[in-house]
Amino acid sequence: MPLIRFDLLEGRSETELAAILDTAHQAVLDAFHVPPRDRYQIVYEHRKSRVRIEDTGLGIPRTDDVMILSITTRPRSVEEKTAFFRILTEALAEKCGIAPSDVMVNYVENTDADWSFGNGEAQFLNGKLGTPKAS
């Protein structure tokens, strides 16, 4: 974990989607220092007429490349979060040609008791998964 939901406009190729997912995962590794196979990503594609992503009055331009990443995760430090914003947008621009102005991120924090990775167990609570160092 974290679990990342990508909401994007439909129409990207499989290659483009793979690049977005791989790029976002590398940003997670770099910012949050999680294990390489700690990867949980879900893509939701929407028709253009079903999406309104504005800018809260900040004057941020949006294109059809716009996306929202909703990240559900254990608590992260302000430094980790801001590093993720920067690493993610720089990498998406470089590797995928997606402008930083088209990337919106939302964090939802929860606790160890809120996660089961399968088998009806709470692996953070039963000791099968360790608790990472404090941020």
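Definitions and limits used
- Residues numbered from 1 in each chain as written.
- Predicted model: local features only at pLDDT ≥ 70, side-chain atom pairs only at ≥ 80, totals over all residues.
- Heavy atoms only, no water.
- Helix = DSSP H or I, 4+ residues; strand = E, 2+ residues; numbered from the N terminus.
- Rg over C-alpha atoms; globule rule 2.2 N^0.38 Å.
- Buried < 20%, exposed > 50% of the residue type's maximum accessible area, 1.4 Å probe, protein only.
- Areas by Shrake-Rupley, 256 points an atom, 1.4 Å probe, with all protein chains shown as cover.
- Pairing = 2+ DSSP bridges.
- Right-handed = clockwise from strand over helix to strand, strands pointing away.
- Contact = heavy atoms within 4.5 Å.
- Axes fitted to C-alpha atoms, helices over the stretch in contact; angles between N-to-C directions.
- Parallel < 35°, antiparallel > 145°, perpendicular 65-115°, else oblique.
- Left-handed = near helix turned anticlockwise from the far one by under 90°.

Student: Outline the overall build of the protein chain, listing residues and values.
Tutor: Check the secondary structure of the protein chain and you find three helices and four strands. The linear arrangement of helices and strands in the protein chain, starting from the amino end, is β-α-β-β-α-β-α. Since a compact globule built from 135 residues should have a radius of gyration of about 14 Å, the 16 Å found for the protein chain is in line with a globular shape. Out of the 135 residues in the protein chain, the part that is buried amounts to 37%. When the accessible surface of the protein chain is totalled, it reaches about 8,100 Å², and 52% of it is carbon and sulfur.

Student: Outline the pairing of strand β2 (residues 40-46), listing residues and values.
Tutor: Across seven bridges, strand β1 (residues 3-9) lies against β2 in parallel orientation. The residue bridging F6 from the neighbouring strand is V43, located in β2. Between the parallel pair β1 and β2, the chain is carried across by helix α1 (residues 14-32), and the sense of this crossover is right-handed.

Student: Break down unusual backbone geometry for me, citing the residues and quoting the values.
Tutor: The phi dihedral of H33 is positive, around 55 degrees, even though this residue is not glycine. Here H33 lies in the loop between α1 and β2. Even without being a glycine, T56 presents a positive backbone phi close to 55 degrees. Assignment of secondary structure puts T56 in the loop between β2 and β3 (67-73).

Student: Go over the side chain of H25, please, and point to the residues and values.
Tutor: The residue H25 is located in helix α1 in this model. A relative accessible area of 8% means that H25 is categorised as buried. The residues touching H25, leaving out its near neighbours within four places in the chain, are P36, D38, R39 and Q41.

Student: Lay out the pairing of β1 with the relevant residues and their values.
Tutor: Here is the key point about a regular strand: its side chains alternate between the two faces of the sheet. Where burial is concerned, most of β1 is hidden: five out of the seven residues are buried. Here six bridges tie β1 to β3, and the two strands are oriented antiparallel to one another. The partner of F6 across the bridge, within β3, is L69.

Student: Let's hear about the packing of α1 against helix α2 (residues 78-96): which residues, and what values?
Tutor: Two quantities define a packed helix pair, namely the angle between the axes and the distance from one axis to the other. As a packed pair, α1 and α2 sit with axes 9 Å apart at the nearest point and diverge in direction by 150 degrees. Put simply, α1 runs roughly antiparallel to α2. For α1 against α2, the interelement crossing comes out right-handed. For the pair α1 and α2, the contacting residues are A19, I20, T23, A24, A27, V28, D30, A31 and F32 in the first and E80, K81, A83, F84, I87, L88, A91, L92, K95 and C96 in the second.

Everything listed here is a matter of coordinates, which is why it stays silent on function.
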